[in-house]
Amino acid sequence: MHSVHVTAETSSNGVVERDFNLGEVTGVLWSAASGSDHAPLVLMGHGGGLHKKTPGLLSRAHHCVTAFGYTVAAIDAPGHGDRPRTAADEQARAGLQQALAAGETERFKSISLRYGTSLAQRAVPEWQATLDALQKLPEIGTEAPIGYGGGITLGTAIGIPLTAIEPRITAAIFGGGFVVHESLIEAARRVTVPVQFLLPWDDEHVDRQSALALFDAFASKEKTLHANPGDHRDVRWFGVDDSFLVRHLGPARLAITARQQKI
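Caption draft 1: View of the packing of aromatic side chains. Summed over all chains, the structure comprises 6 aromatic pairs. When the ring of W127 is compared with that of Y148, the centres are 6.5 Å apart and the planes differ by 80°; the resulting orientation is edge-to-face. Separated by 21 residues along the polypeptide, W127 in helix α3 (residues 105-134) and Y148 in strand β6 (residues 146-151) bring together distant segments of the chain. Of the residues examined, Y148 reaches a relative accessible area of 0% and is grouped as buried. Aromatic side chains F197 and F215 sit 6.1 Å apart centroid to centroid with 45° between the ring planes, which places their arrangement in the tilted category. Pair noted here: F197 is in strand β8 (residues 195-200) and F215 is in helix α6 (residues 208-217), with a separation of 18 residues, a long-range link. Exposure class is identical for F197 and F215. Each is buried. Joined through ring pairs, the aromatic side chains of W127, Y148, F174, F197, F215 and F218 make up one cluster. Its end group placed over the ring of F215, K223 keeps NZ or CZ at 5.1 Å from the ring centre.

As structure tokens, then:
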């Protein structure tokens with residue numbers, strides 16, 4: 001089993017950022033500069049064609065650290081970010097770009113389905129290995145509650161099957177913008193933890209009814225759908241329950257201490 005190898009560390013605005021490698025997997029860990037051992041850990045996935053530090057993910061990660069005192073981890077999906085691309089990765093990317101440029105919705109869906117399914121099959125074991133390694137870090141350990149907190153498009157296509165089989169994840173935020181298929185529906189039926197689901201209402205590539213069917217398939221007793229106007233590249237976070245993760249993962253010890261000092 002590989003261990004976390006930190007390759008770079010920076011600190012700004014109260015957030016420590018550590019780049020790491022875990023074998024071939026490239027990742028990043030954000031945590032509070034003031035320190036909070038065993039704070040809840042939030043796993044975040046990026047969208048297709050993007051990377052672990054894409055601006056939207058980076059913003060959400062910093063919010064979790066500064067607002068809640070949480071630790072956040074993200075990794076590059078296979079063939080994304082700092083990871084090398086295979087010939088199959090290059091072919092899929094080229095096909096998706098061509099389909100988008102030509103307005104070929106069915107071709108875009110077909111390539112997205114094949115490539116997204118392949119990436120999820122490769123990425124889920126990598127996330128589990130990453131989680132194993134992160135729990136060996138003394139500041140995280142096995143005591144830290146774990147959530148999946150911001151999977152959008154590809155991040156959700158990977159996050160749903162991961163949450164379905166990973167008992168350490170106790171709450172999850174997913175987002176639309178991906179092609180729904182039967183194996184994803186089956187995975188959603190095995191998800192029983194609280195779920196918050198973000199839906200771009202005007203996605204030009206994904207059938208709205210299929211996204212609603214996916215939401216309906218979650219077996220969670222607590223699940224909330226947040227739908228906002230927006231296309232495939234514009235998944236909006238307006239109106240979401242900002243206390244969702246805190247309610248289910250609990251506050252960091254640092255946050256509790258800070259509150260007690262104000263009383």
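Caption draft 2: View of the nonpolar core. Membership of the largest hydrophobic core comes to 53 residues, with the highest contact counts inside it found for L41, I160, F197, L214 and F218. In terms of residue count, the dominant contributor to this core is α3 (11 residues). Leave out the neighbours within four places in its chain, and F218 touches I160, F174, A188, V191, V195, F197 and K223. Among the nonpolar cores identified, the runner-up in size contains 22 residues, and A32, L57, F68 and I173 belong to it.

Caption draft 3: Seen up close, the pairing of strand β1 (residues 5-12). Sheet topology places β1 next to strand β2 (residues 15-22); 7 bridges connect them, and they run antiparallel. Each bridged residue has a counterpart across the sheet, and for S11 the counterpart in β2 is V16. Once β1 ends, the chain turns through 2 residues before running back antiparallel as β2, passing N13 with a positive phi of about 50°.

Criteria and cut-off values
Residues numbered from 1 in each chain as written. Predicted model: local features only at pLDDT ≥ 70, side-chain atom pairs only at ≥ 80, totals over all residues. Heavy atoms only, no water. Phe/Tyr/Trp six-rings, centres within 6.5 Å; stacked < 30°, edge-to-face > 60°. Helix = DSSP H or I, 4+ residues; strand = E, 2+ residues; numbered from the N terminus. Buried < 20%, exposed > 50% of the residue type's maximum accessible area, 1.4 Å probe, protein only. Lys NZ or Arg CZ within 6 Å of the ring centre and 35° of its normal. Core = buried A, V, L, I, M, F, W, Y, C linked by side-chain atoms within 4.5 Å. Contact = heavy atoms within 4.5 Å. Pairing = 2+ DSSP bridges.

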